[in-house]
Amino acid sequence: MRDIHLVPVSYFPSENLEFPMVANLQTITPNQLFYVRNHFEYPTIDINTWYLSIEELVDQPIKFKYADLKNMNKVTLSATLECAGNKRSLFERKAQGNQFKLGAISNAIWGGVRLKDVLDQAGVSPSATEIVFEGLDYGQRNDMDGQVFFKRSLPVAKALHPDTLLAYEMNGEPLSDKHGFPIRLIVPGWYAVASVKWLHRIRVVDQPFKGPFQSIDYVILKKTNDYKHARPLSPVLINSTIASPTEEQEMAVGTNVVQGYAWAGEHSVTKVEISTDGGTLWNEANILDPDVPYSWRRWSFAWDAQKPGQYTILSKATNEHGEVQPLKAEWNVKGYQNNSIHTLNVHVTAPNLVNSVNNILHETKQHEVFEMLTLEIAKQLLEVAEQKARQMGLAFDISIVDAGANLVAFHRMDHARIAGIEISKGKAWTSVAMQMPTANLAQSALPGGQHYGVNTTNQGTVTILGGGIPLVREGTTVGGIGVAGGTMEQDMEVANAAVQAFAAVVGMK
Ligand SMILES: Nc1nc2c(c(=O)[nH]1)N[C@H]1C(S)=C(S)[C@@H](COP(=O)(O)O)O[C@H]1N2
Ligand SMILES: [Mo]
């Protein structure tokens, strides 16, 4: 099963999904929202016959069953995994590969055993230089013949580091099939390609490993095919991302929260600075999380936007050695390690319906806000809308529609005089929402109806339908207020009253 909130990047030949960053400012990424990056189809694994073998330059080759590993000394640690291709699509000059935006990154607490403890049982030969990790997933590459397995190596020192783990747990749950069940390697602070999933064999060797995922991919190439000068990539660079607002978002004059994440690989984030004037003046953001090794830290900055206009917002992180994100990361053929200062444009306007909805969508605790849009609250909002309609002397046919009936509700909205409050936790909408971009969704769900405006943000989307306001996140309606019965302006006014009430109920401005 794929969580409907994950953002699809590609499905074939392998599944690649981004973490829906806009909607979730959380230190620990819930398992079902953790990004997914695969090179091949998922392997099928029978845990009864599976084992992990340690081979080659060791005193004693060993095979570990799942239970053997679970009986060893357990360690847990928090580590952010970032794909080296995260933000590839942000390079101005297009680079080859999956066009990841901001969400090929997530953070979890990993539980398992130290790789060192396992290797010590086998006894690593003093002549060893590298350890090779082999996954059970395989497939074809267009630059090679036959089937290729996913394999990577680590230098002995990083492999024996006490924080390098063989993980069987992710946030307290057994590792899921998509994230490497039964065992994956976790190499904290290094680009996540090192953290081999579906681990099966570990080989201790004394020669540099040259597999394609080590020497063709995941190397920094300045010129196409210039493998002579290729540099491997390993430790994660200092970086930060503005999770909200999003590119081209409309915001209201007044105080707006700018917030996001910063991370530093094997180092610590010590400072995050925000500019709202294109990079002239910088303000220090509040770092919201403690400094936990290998883990991203959320940050937040209250921006007082005094005048309407277009603004360029930037975020810049610094580590304990004073290393700072560059304004522009060095372009490379395969589009890796883009740690440019994150830059985006927003539009500040007088307060209106769109930006008040945006404010709700982009508050810190947004995921909780959606949880708060219960049937009870919907009833309250409906009352507010009814009251407003009465004040305006308009007759609205108002009804509450529950989550199971969303589709019906939308089809009914092309009729005049129907009002509904949409409360969907996703399920009822899945099939339709996954197949259509949000703008189309609005139109096709309203046969013959108009939609008054569409404001598409980077990952979250707010769509204003004819007289209605479904709040749409990652193409999925999660709640909203539909009003119809008057002119467009009248419908909007009624709906706006309910939006403001919603903001008040959930304790926001
Ligand atoms: N066996 C195997 N391990 C793998 C990969 C893979 O395709 N196969 N992808 C790597 C890459 S490039 C990344 S970014 C991470 C993604 O881990 P996730 O899917 O748990 O987020 O797994 C790494 N480990
Ligand atoms: Mo990756």
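Since this is a predicted model, take the numbers as computed values, not measurements.

Colleague: How should the overall build of the protein chain be read in this particular structure?
Modeller: A count of helical and extended segments in the protein chain gives 11 helices and 29 strands. Split into buried and exposed, the 509 residues of the protein chain put 46% on the buried side. Partitioning the intrachain contacts of the protein chain with sequence separation of at least 6 by distance along the chain shows that 67% fall at a separation of at least 24.

Colleague: Whenever I open this one, helix α2 (residues 115-122) confuses me. Can you help?
Modeller: In an α-helix, one turn spans 3.6 residues, which is why side chains three or four residues apart end up on the same side. The set of residues buried in α2 consists of L115, V118, L119 and A122. Relative to the axis of α2, the buried residues are bounded by an arc of 95° and lie together on one face. On the buried face of α2, the contacting elements are β4 (52-56), β5 (62-64), β7 (105-114), α3 (156-160), β10 (165-170) and β12 (184-186). Once α2 finishes, G123 follows within two positions and takes phi at roughly 80°, a positive value.

Colleague: What's the story with the nonpolar core in this structure? I'm lost.
Modeller: Generally speaking, a soluble globular protein has its nonpolar side chains buried in company with each other. Residues L166, A167, L185, L199, A262 and I313 are the most contacted members of the largest nonpolar core, which totals 90 residues. When we break this core down by domain, the ones giving at least three residues each are domain 1 (7-232) and domain 2 (239-349).

Colleague: Just to check I follow, could you spell out the site of ligand 1 for this structure?
Modeller: Residues in contact with ligand 1 amount to 18 residues; listed here are only the nearest, H39, C83, G135, A192 and K197. Those elements that place two or more of their residues in the shell around ligand 1 are β3 (36-37) and β8 (130-139). Grouping the amino acids of the shell around ligand 1 by side-chain chemistry returns 10 nonpolar, five polar and three charged.

Colleague: Hey, could you run me through the sheet that holds strand β9 (residues 148-155) in this one?
Modeller: Pairing within the open sheet is mixed, and its five strands lie in the order β5-β4-β13-β8-β9. Of all the strands in the sheet, just β5 and β9 have a single pairing partner and so form its edges. Neighbour-to-neighbour, the strand axes of this sheet turn through a mean angle of 20°, independent of strand direction.

Colleague: Got a minute to help me understand the sheet that holds strand β23 (residues 309-319) in this structure?
Modeller: Two pairing modes exist for strands in a sheet, parallel and antiparallel, and in both the strands are linked by backbone hydrogen bonds. Taken in spatial order, the five strands make up an open sheet running β17-β24-β23-β19-β20, and their pairing is mixed. Strands at the two margins of the open sheet, each flanked by one partner only, are β17 (249-252) and β20 (283-284). The sheet contact formed by β17 and strand β24 (residues 342-349) spans four bridges and is parallel. When the sheet's bridge partners are listed, A252 is paired in β24 with T349.

Colleague: How should I be thinking about the environment of F100 in this particular structure?
Modeller: Following the sequence through the fold, F100 ends up in the loop between β6 (75-82) and β7. Remark: the alpha-carbon pair of F100 and V9, spanning 91 residues in sequence, is separated by 6.7 Å.

Colleague: Is there a simple way to think about the pairing of β7 in this case?
Modeller: Consecutive side chains along a regular strand alternate between the two faces of the sheet. With eight of its 10 residues buried, β7 lies for the most part within the structure. Of the strand pairs in this sheet, β7 and β10 are connected by five bridges, and their pairing is antiparallel. Within β10, the position partnered with G112 by the bridge is A167.

Criteria and cut-off values
Residues numbered from 1 in each chain as written. Chains lettered and ligands numbered in written order. Predicted model: local features only at pLDDT ≥ 70, side-chain atom pairs only at ≥ 80, totals over all residues. Helix = DSSP H or I, 4+ residues; strand = E, 2+ residues; numbered from the N terminus. Buried ≥ 20, exposed ≤ 12 C-beta atoms within 10 Å, placed from the backbone. Contact = placed C-beta atoms within 7 Å. Arc of directions from axis to C-beta. Core = buried A, V, L, I, M, F, W, Y, C linked by C-beta atoms within 7 Å. Domains from an automatic or database assignment. Near = placed C-beta within 6 Å. Nonpolar A, V, L, I, M, F, W, Y, C, P; charged D, E, K, R; others polar. Pairing = 2+ DSSP bridges. Axes fitted to C-alpha atoms, helices over the stretch in contact; angles between N-to-C directions.

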